[in-house]
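What follows is each chain in one-letter form.
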Amino acid sequence: MFEQSQIQEFKEAFGCIDQDRDGVIKKQDLKETYAQLGKLNVKDEELDEMLNEGKGPINFTVFLTLFGEKLNGTDPEDTILAAFKLFDPNGTGFVNKDEFRRLLMNQADKFTAEEVDQAFALAPIDPVGNIDYKSLCYIITHGDEKEES
């Protein structure tokens, strides 16, 4: 996801924010970081919102993942899954490839046939033409092993 030099930069940034050097970013760490930057009146709600993005303690791995999602412009996996579930009223975990193609090409930000083909190139599609959208969400948010080898 990141090059080694980027990871080192993130590690340095994490170290600057983790004021008490315990390996976890907490509300007090954020308050002190903001104070060093001259912003003294940060609301607790704002800080809680930031911390809640980690869905648990923000250690370096979580910090890196959060930045990866932000920098790559990818929504979190659960958000993408929720969007796919709108097209799967029976909760099967699959959407029909042809129906989904039609929707992508005719709704909202209309895809071209080429864009749909590109999107489907990595999609796990079964022999009867159904997309396993849970696997596709994983590929979108974590990458595809086939791509990396």
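Provided above is the structure to which this section pertains.
Residues numbered from 1 in each chain as written. Predicted model: local features only at pLDDT ≥ 70, side-chain atom pairs only at ≥ 80, totals over all residues. Heavy atoms only, no water.

Draft legend 1. Geometry of the pattern of salt bridges. Using the criterion set out here, one finds eight salt bridges in the structure. For Asp22, the salt bridge identified is with Lys26, shortest N-O distance 2.4 Å. On the basis of relative accessibility, which here comes to 41%, the residue Asp22 falls in the partly exposed class. Put simply, Lys26 and Asp29 hold a salt bridge, and the shortest N to O gap is 3.6 Å. Judged by its relative accessible area of 2%, Asp29 is buried. Bridged by salt links that share partners, the residues Asp20, Asp22, Lys26 and Asp29 form one connected network. (Salt bridge = Lys/Arg side-chain N within 4 Å of Asp/Glu carboxyl O. Buried < 20%, exposed > 50% of the residue type's maximum accessible area, 1.4 Å probe, protein only.)

Draft legend 2. Quick peek at helix 1 (residues 4–17). With 14 residues, helix 1 should cover 20 Å at 1.5 Å per step; its first-to-last C-alpha distance of 20 Å lies within 8% of that length. Within helix 1 the residues assigned to the buried category are Phe10, Phe14 and Ile17. Buried residues along helix 1 cover an arc of 60 degrees about the axis, so they all sit on one side. Exposed residues on helix 1 whose side chains face more than 90 degrees from its buried face are Gln4, Glu9 and Cys16. (Helix = DSSP H or I, 4+ residues; strand = E, 2+ residues; numbered from the N terminus. Expected span 1.5 Å × (residues − 1). Arc of directions from axis to C-beta.)

Draft legend 3. Representation of the packing of helix 6 (residues 97–106) against helix 7 (residues 113–121). Running from N to C, helix 6 and helix 7 cross one another at 135 degrees; their axes reach a closest spacing of 10 Å. When the axes of helix 6 and helix 7 are compared, the pair comes out oblique. Here helix 6 runs over helix 7; the crossing is right-handed. Each of Lys97, Phe100, Arg101, Leu104 and Met105 in helix 6 lies in contact with helix 7, whose residues at this interface are Ala113, Val116, Asp117 and Phe120. Class assignment for the residues of the contact of helix 6 with helix 7 results in six nonpolar, no polar and three charged. (Axes fitted to C-alpha atoms, helices over the stretch in contact; angles between N-to-C directions. Parallel < 35°, antiparallel > 145°, perpendicular 65-115°, else oblique. Left-handed = near helix turned anticlockwise from the far one by under 90°. Contact = heavy atoms within 4.5 Å. Nonpolar A, V, L, I, M, F, W, Y, C, P; charged D, E, K, R; others polar.)

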